[in-house]
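# Structure at a glance
Here is what each chain is made of, one letter per residue.
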Amino acid sequence: MKPAPFAYHRPTTLGDALEVLSGNADAKVLAGGQSLVPLLSMRLAGPSALVDINAIPGLDTIEVTEAGVRIGALARHADVLAHEGVRRVQPLLPEALSYVAHATIRNRGTTVGSIVHADAAAEMPSVLVLLGGSVEAASTGGTRTIAAEDLFLGPLESTLRPEEIATSAFFPALPAGAGVAFDEIARRQGDYALVGLGAVVDGDSVRASYVSVSDVPTVVDLSGVPDDRLGEVALEHLDPVDDIHATAAYRAQLVRVLTKRVVTKAREAAR
Ligand SMILES: Cc1cc2nc3c(=O)[nH]c(=O)nc-3n(C[C@H](O)[C@H](O)[C@H](O)COP(=O)(O)OP(=O)(O)OC[C@H]3O[C@@H](n4cnc5c(N)ncnc54)[C@H](O)[C@@H]3O)c2cc1C
């Protein structure tokens, strides 16, 4: 199918982009287009206008400091994945990004776009919540910081307002001595996960965050849980979804197997 007609704007400043958005209640931001364009083509989204942000300079930055990694709205998954500084300061990012789609999609899709698209089957929202990160949002009224735990409301639904552009996402650095791991099960490499999870082990603290299990990314505190109970305890906090891709019972079994595997890997990485 072809998209329904829409007006197309390609502003060259953030201010101009925000002006267009503030006057168009159902306009959509276009970043990498790897999620939005399929939705337009299938007519699951029908905005009156697209605001393409790709001609705005300065949004493709990846800043690495000892505090963490700040990823600009136009930084592509592939650039974040290949960035040596990112790998050093927050190794969970490249580990999880290697499971995001295929190389061609990672070349164009943006990490910030993936976060604000708010798909519970996507890796980056889950990683942002697990690490306690945040998103910087701009509108004609100013800027604000949205903590990851306040960002996700439901499937493809976030607290980012229609008139806002997410300008960057911040992922805090991994503390010294802590370890991380990520793993997932998908039907084919590059497909969305049937179940995935990331884990952070920091001293006695063990936390895991799940992909494709619930409607929003869910972080579970597994500190002090014996290894043979990790999956069962995780399931007490999760409500696996039943859909065309997998039954809830199968997802629960994947949670059991993967939780132990990923927490063990994160412990080993912490040594
Ligand atoms: C075949 C296929 C397989 C895929 N597999 C995976 C996968 O396994 N895991 C995964 O995580 N992703 C997967 N993706 C999605 C991919 O990661 C997308 O790139 C990503 O979800 C969205 O990023 P984008 O830059 O392409 O956003 P777009 O498609 O441009 O936008 C997506 C949504 O976010 C909004 N948006 C984007 N950027 C901003 C911004 N800066 N401010 C405000 N709103 C914004 C848009 O308005 C739109 O609603 C897959 C995509 C395809 C086509």
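Everything numeric here is computed off the predicted structure, so don't read it as measured data.

So, about the site of the ligand. Around the ligand, 31 residues are found, and the nearest of them are Val29, Gly33, Leu36, Thr110 and Glu123. Between the ligand and Gly33 there is a distance of 2.8 Å, counted from an oxygen atom to a backbone nitrogen or oxygen. One of the side-chain nitrogen or oxygen atoms of Glu123 is found 2.8 Å away from a nitrogen atom of the ligand. Contributions of two or more residues to the shell around the ligand are made by strand E2 (28–30), helix H7 (111–117) and strand E10 (165–172). The element contributing the most residues to the shell around the ligand is H7, with four residues.

Turning our attention to the side chain of Thr110. Take Thr110: it is sitting in the loop between helix H6 (103–108) and H7. Residue Thr110 is classed as buried on the basis of its relative accessible area, which comes to 4%. Among the polar contacts made by the side chain of Thr110, one reaches the main-chain amide nitrogen of Gly113 at a distance of 2.9 Å. Beyond its immediate chain neighbours, meaning those up to four positions away, Thr110 contacts Ala31, Gly32, Ala73, Leu74, Ala75, Arg76 and His77.

A separate point is the pattern of salt bridges. Across all of its chains, the model carries ten salt bridges by this definition. Here Glu164 ties to Arg144 by a salt bridge, and the two come within 2.7 Å at their closest N and O atoms. Here Glu164, found in the loop between strand E9 (157–158) and E10, pairs with Arg144, found in strand E7 (residues 142–147); they are 20 residues apart in sequence, far enough to count as distant. Residue class for Glu164 comes out buried when judged on its relative accessible area of 4%. Looking at Arg144, the relative accessible area reads 26%, which means it is partly exposed. With a closest N to O distance of 3.0 Å, Arg267 and Asp227 form a salt bridge.

The rules behind each value
Residues numbered from 1 in each chain as written. Predicted model: local features only at pLDDT ≥ 70, side-chain atom pairs only at ≥ 80, totals over all residues. Heavy atoms only, no water. Near = heavy atom within 4 Å. Polar contact = N/O pair within 3.5 Å; in protein donor to acceptor, adjacent residues only side chain to side chain. Helix = DSSP H or I, 4+ residues; strand = E, 2+ residues; numbered from the N terminus. Buried < 20%, exposed > 50% of the residue type's maximum accessible area, 1.4 Å probe, protein only. Contact = heavy atoms within 4.5 Å. Salt bridge = Lys/Arg side-chain N within 4 Å of Asp/Glu carboxyl O.

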